[in-house]
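Coordinate analysis (summary)
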Amino acid sequence: MCSCISRFKRLAFVASAALCCSFEGVGCAPAGVSPAACDGYVVLPSDDLSREDLRWSEYLCDHLRRRADGGERTVRREGGGKLFTLTVAVDTLLRADFSVERGRRGVRLTARDGRRMLWLQYQLMKSLADEDPRIEASDLPPATVGLRDTSGRFAFGFRGLYTPAAHDADRAGILASDDVETGWGLWGHQLGRVLAGGPEEVYALVDGERYDGQFCFSSEETYSCIEAYIADNFGEGDTASLRFVIAPADDDAICGCAACSAAGNTAKSATPAVVGLLTRLAGRFPHHKFFTLGYLSTLEPPPVAMPANAGVIVSAMDLPFAADAFRSPRGKKFAGRLDRWRNVAGEVYVWDYIQNFDDYLTPFPVLERMAERLRFYRDRGVGGVFLNGSGCDYVPFDDMRTYVLSALMLDPGQSPEALMRRYFAENYPRSGELLAGFCADAERRAGASKRPLSLYGGIRSAEAEWLDAGAFVRFYEALEKVLPTTKEAERRNLHRLLTALSYTRLEIARNHGADSYGFAVNKGGRLRVNPSVEGWLAALDAYADFPEMALINESGLRLSDYLTQWRGRLLPGAGVHNLLLGVKPETVSKPDEEYKDTGMLTDGVRGLPLGYHYGWHISSEDLEVAFPAGNAAHARRFEMSFLELPRHRLRAPRAVEIYKDGALYRSFVPVPDAEGRVFTASGPVDLTGAKRISVRAVRPDGRRVQLAADEICLIP
């Protein structure tokens, strides 16, 4: 049923037993005879007439035999001799989710159902291996339940985790996490799969026209399509109940047809029509469960109670990732919304986030903050949580993060740092202390920061929030040194980790330019590239060995394009002789809050057309800066580039103007490159005699249009 393919090292029994009291309702009894002192094991069902007891006792016996030195001689199905007895019971009336009862020479495992029993048996096998060298369980994660008397309830009934490691079905079963892609009839924003190809009435009526980016939740055609999909593919649910998410597309458009308006839809809320359809489906399929999303147009709950088998998954997108999150105005607003949903919904889950979705490859210290949030959700009566991560795309420390987050969803009262250190100690014998030290320090920095973590940020926001460039560089260099001393799984995992972290090292270098941790030094108005850069680029080239590392972010930005831009634009651009290199311009126009530092306009580092995080100065107004002429008066050519990214409202300027001592001297119209992504204003200039020079980029017409500017170059 479940085989174990992940590789983990052995945990000391003392560490695993230490957490036996972390679950609710736990008591500890003195340990009996050690299993290692017995001749072997006998596995028995609690009730010979119980099909489930028989099934799970056979499962434990079979899997323990595979792990035991001596196989059937060590693990038996019948008593006799000095054997350690393992008794298995599935009790649907058990008030707790599981219990472990330690006898003098044996352990009794009881779980409320098969899924909990699966998790409990792997906890047992790991704990036995910690005491008995005849049992091999180095592939299992550290146990949080030992061989002492223990019973407890899981904090949440549904525990979804969207990480690469959690996609492994074996690992998910061992960690007791849920896979939303296989465990739900419909998940997230998947309704479009059901309605695709349906009649036009399934789509929303927006401003009098059908809009295929959103759905009409009041039309009979929409209901019929969903009903047929459920009945044909999943049946009535009387033998196997499933959960379905019925929610709008990820778009704030709202259907304004007569039926939806009559249901109560407004310009800001589609909740009435969506909950109306949800209620109808819940009545049609009483054995299934139906959820909508508390997000965008369905953020607020309906004024009336929903059926018992109808619930909501409330998005925590607006809840800041900060130490004082629940005391902040946004946190209080979120808590109030959660309570309002609890007053009307049959079940309430929370959809939370554990990743910077604009940068998968830079570490994201979210464990301590998530533990706080999970405790809040548990205490608020939330029945399930979904932690949205990178899916199948690689992120640093994913194996550790998946283990810790899975454990916290079972019991958020545990210490994230203790779980993290236990995992690293067991799975990284040579480098574990180094990894744990870096991650623990990152968590502390994030916790002490006055700024919340950004779910959509680049290297600048990471450094502003938690990332200490010097500490990271020292960690990266230490990792380079320890890698050759490691073996087998640890070596493979560290190679992959160092490859990913080479992206962060390059981003720090790009962000710091000619500073201490940058990629170059300023030599007479030109940047001279640090020889180490080729090593960092070569290290990142190894991403090709790891298919899961192809993408940088959720938008699909490819590492291959990043490397191409470094080599094809940033490094050649560093050789340009710029008379303004290192001269910090004075801001004339009003700067955006995050872009008050104009130094990036003259640091010699070309912006990369991959996105606005890559070296572009953002301005919501016409951008104007000024500087003393000085050596720049000897310039013979002007050049300035801009990023064109319409979906982010970033447009090239209508014109770029140069002023000499307050008088307009020249105006340039930016010209696009072959891809239409970078627009460059350039041409000859003669600034002789000027004492003060100003540069002004004029925004194009359009609502909320912004400028993304690159280097201002005055070339001799």
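Quick notes on the rules
- In this convention, every chain numbers its residues from 1, walking through the sequence in written order.
- In keeping with the predicted nature of the model, local features appear solely for residues at pLDDT of at least 70, side-chain atom pairs appear and are counted solely at 80 or more, and the whole-chain, interface and lining totals rest on all residues.
- Excluded from the side-chain calculation are hydrogens and water; included are all heavy atoms of the structure.
- The numbering of helices and of strands both runs from the N terminus, where a helix is a DSSP run of H or I of at least 4 residues and a strand a run of E of at least 2.
- To get the radius of gyration, use the C-alpha atoms; to get the globule rule, take the number of residues to the power 0.38 and multiply by 2.2 Å.
- With a 1.4 Å probe rolled over the protein chains alone, any residue whose accessible area is under 20% of its type maximum counts as buried; one over 50% counts as exposed, and the rest are partly exposed.
- Pairing of aromatic side chains requires ring centres within 6.5 Å, counting the rings of Phe and Tyr and the six-membered ring of Trp. Pairs whose planes differ by under 30 degrees are stacked, by over 60 edge-to-face, and all others tilted.
- A ring is considered to have a charge above it if a Lys NZ or an Arg CZ atom is located within 6 Å of its centre and within 35 degrees of its normal.
- Pairing between strands is defined by DSSP: at least two bridges between the two strands are required.
- A 1.4 Å probe that fits into a set of points on a 1 Å grid over the protein atoms alone but cannot get out defines a cavity; an open set with protein on both sides within 12 Å along at least five of seven lines defines a pocket, and lining residues are those with an atom within 4 Å of a point.
- Grid points are joined across faces, edges and corners, and a volume is the space filled by probe spheres set on the points.
- Classification convention: Asp, Glu, Lys, Arg as charged; Ala, Val, Leu, Ile, Met, Phe, Trp, Tyr, Cys, Pro as nonpolar; all other residues, Gly among them, as polar.
- Contacts between residues were defined by any pair of non-hydrogen atoms, one from each residue, lying within 4.5 Å.
- With axes taken as lines fitted to C-alpha atoms, and helix axes fitted only over the stretch in contact, angles between N-to-C directions fall between 0 and 180 degrees.
- In plain words, nonpolar cores are sets of buried Ala, Val, Leu, Ile, Met, Phe, Trp, Tyr and Cys residues tied together by side-chain atoms within 4.5 Å.
- Definitions for this section: a left-handed crossing has its near helix turned counterclockwise from the far helix by less than a right angle. A right-handed crossing has that turn clockwise.
- The rule for a salt bridge is simple: a side-chain nitrogen of Lys or Arg has to be within 4 Å of a carboxyl oxygen of Asp or Glu.
- Pairing of N or O atoms within 3.5 Å defines a polar contact, subject to two protein rules: one partner must be a possible hydrogen donor and the other a possible acceptor, and residues neighboring in sequence count only if both atoms are side-chain atoms.
- By this rule the span expected of a helix is its residue count minus one, scaled by 1.5 Å.

**Overview of the overall build of the protein**
Counting its secondary structure elements, the protein contains 19 helices and 26 strands. A compact globule built from 716 residues should have a C-alpha radius of gyration of about 27 Å, and the protein, at 30 Å, falls within 12% of that. Overall, the C-alpha framework of the protein stretches about 105 × 70 × 40 Å when taken along its three principal axes. For the protein, the residues scored as buried account for 57% of the 716 residues in total.

**A short note on the packing of aromatic side chains**
For the structure on display, the rule yields 40 aromatic pairs. Aromatic side chains Tyr-229 and Phe-234 sit 5.6 Å apart centroid to centroid with 70 degrees between the ring planes, which places their arrangement in the edge-to-face category. Looking at Tyr-229, the relative accessible area reads 24%, which means it is partly exposed. According to the relative accessible area criterion, Phe-234 is partly exposed, its value standing at 26%. Each ring, one from Phe-638 and one from Phe-668, has its centre 5.4 Å from the other, and the planes form 20 degrees; the classification is stacked. Of this pair, Phe-638 sits in strand 20 (residues 637–643) while Phe-668 sits in strand 22 (residues 663–668), and the two are 30 residues apart along the sequence. Accessibility classification places Phe-638 together with Phe-668 in one group, the buried group. Taken together, Phe-397, Tyr-403, Tyr-423, Phe-424, Tyr-428, Phe-438, Phe-472, Phe-475 and Tyr-476 form an aromatic cluster joined through their ring pairs. For Arg-280, the ring lying beneath its charged end belongs to Tyr-223, and the centroid distance is 3.7 Å. One Lys or Arg, Arg-505, reaches over the ring of Trp-536 and ends 3.9 Å from the middle of that ring.

**Some remarks on the pairing of strand 25 (residues 692–698)**
Along strand 25, 5 of the 7 residues are buried, which leaves the element largely enclosed by surrounding structure. Sheet topology places strand 19 (residues 623–628) next to strand 25; 6 bridges connect them, and they run antiparallel. When the sheet's bridge partners are listed, Phe-627 is paired in strand 25 with Ile-693. Two strands pair when backbone bridges link them, and strand 21 (residues 655–660) and strand 25 are joined in this way by 6 bridges, in the antiparallel orientation. In the strand pairing of strand 25, Ile-658 is matched with Val-695.

**Brief notes about the sheet that holds strand 19**
Strand pairs in the sheet, formed through backbone hydrogen bonds, run parallel or antiparallel to each other. With antiparallel pairing, 5 strands are arranged side by side in an open sheet as 17-19-25-21-22. Strands with a single pairing partner mark the edges of an open sheet, and in this sheet they are strand 17 (586–587) and strand 22.

**Some points on empty space enclosed by the protein**
Taken as a whole and assessed by the stated rule, the structure comprises 10 cavities of 30 Å³ or more. Looking at the largest cavity, its volume works out to about 120 Å³. Together, 14 residues line the largest cavity, and Phe-364, Pro-365, Phe-397, Cys-439 and Glu-443 are the ones closest to its centre. Broken down by secondary-structure element, the contributors of at least two residues to the lining of the largest cavity are helix 12 (398–410) and helix 14 (432–448). In terms of residue count, the dominant contributor to the lining of the largest cavity is helix 14 (4 residues). Split into classes, the residues belonging to the lining of the largest cavity amount to 12 nonpolar, no polar and 2 charged.

**Some thoughts on the sheet that holds strand 6 (residues 150–152)**
Across the sheet, which stays open at both edges, the 6 strands sit in the order 2-1-3-5-4-6 with mixed pairing between neighbours. Strands at the two margins of the open sheet, each flanked by one partner only, are strand 2 (75–76) and strand 6. Sheet analysis places strand 3 (residues 83–90) next to strand 5 (residues 106–111), joined by 6 bridges and oriented parallel. In the sheet register, Thr-87 faces strand 5, and the bridge partner there is Arg-108. Contacting strand 1 (40–45), strand 3, strand 4 (98–103) and strand 5, helix 3 (residues 114–131) runs over the sheet at an angle of about 160 degrees to strand 5.

**Regarding the nonpolar core**
Within soluble globular proteins, side chains that are nonpolar generally end up buried alongside one another. Counting residues in hydrophobic clusters, the biggest one holds 147 residues, and the most contacted among them are Ile-246, Tyr-377, Phe-424, Phe-519, Tyr-562 and Trp-566. Here the element with the most residues in this core is helix 17 (residues 488–512); it accounts for 9 residues. Discounting residues that sit within four places of it in the chain, Tyr-377 has contacts with Phe-156, Ala-316, Leu-319, Phe-334, Val-350, Asp-352, Val-382 and Val-385. Val-43, Leu-64, Val-100 and Val-145 belong to the second largest nonpolar core, which has 38 residues in total.

**Some points on the side chain of Ser-502**
Note on placement: Ser-502 falls in helix 17. When near neighbours in sequence (up to four residues on either side) are disregarded, Ser-502 contacts Tyr-476, Trp-536, Ala-539 and Leu-540.

**Describing the packing of helix 7 (residues 220–234) against helix 9 (residues 271–284)**
Packing of helix 7 against helix 9 brings their axes to within 11 Å, and their N-to-C directions diverge by 35 degrees. Read as a crossing pair, helix 7 and helix 9 show a hand that is right-handed. Of the residues in helix 9, those in contact with Glu-220, Thr-222, Tyr-223, Ile-226, Glu-227 and Ala-231 of helix 7 are Leu-277, Arg-280, Leu-281 and Arg-284.

**What about the pairing of strand 15 (residues 520–523)?**
As paired elements, strand 15 and strand 16 (residues 526–529) share 4 bridges and run antiparallel to each other. In the sheet register, Lys-523 faces strand 16, and the bridge partner there is Arg-526. The turn linking strand 15 back onto strand 16 is made up of 2 residues, and Gly-524 within it adopts a positive phi angle of 60 degrees.

**Here we look at the pattern of salt bridges**
Two side chains carrying opposite charge are able to pair once their charged atoms lie near each other. Counted according to the given criterion, the structure contains 40 salt bridges. Arg-284 serves as the salt-bridge partner of Glu-227, at 2.8 Å between the closest nitrogen and oxygen. Pair noted here: Glu-227 is in helix 7 and Arg-284 is in helix 9, with a separation of 57 residues, a long-range link. Three or more residues are tied together by salt bridges with common partners; here these are Asp-97, Arg-112, Asp-113 and Arg-116.

**Structural notes on the side chain of Thr-292**
Turning to its location among the elements, Thr-292 is positioned in strand 11 (residues 289–294). Only 3.0 Å separates the side chain of Thr-292 from the backbone oxygen of Ile-246, close enough to count as a polar contact. Ignoring anything within four residues of it in the chain, the contact list for Thr-292 reads Ile-246, Ala-247, Pro-248, Val-274, Leu-278, Thr-298, Gly-311, Val-312, Ile-313 and Trp-341.

**With respect to the environment of Asp-324**
In this structure, Asp-324 sits in the loop between strand 12 (310–315) and helix 10 (329–344). For the pair Asp-324 and Pro-452, spaced 128 residues apart in sequence, the C-alpha separation works out to 9.2 Å.

**Let's talk about helix 3**
Here helix 3 contains 18 residues, and its C-alpha end-to-end distance of 26 Å stays within 8% of the 26 Å for a straight helix at 1.5 Å per residue. The N-cap of helix 3, judged by a side-chain oxygen 3.3 Å from the amide nitrogen of Arg-115 a few residues on, is Asp-113.

**Some remarks on helix 13 (residues 416–427)**
If you check helix 13, its first and last C-alpha atoms are 17 Å apart, about what 12 residues at 1.5 Å a residue would give, namely 16 Å. For helix 13, the full list of buried residues reads Pro-416, Leu-419, Met-420, Arg-422, Tyr-423, Phe-424, Glu-426 and Asn-427.

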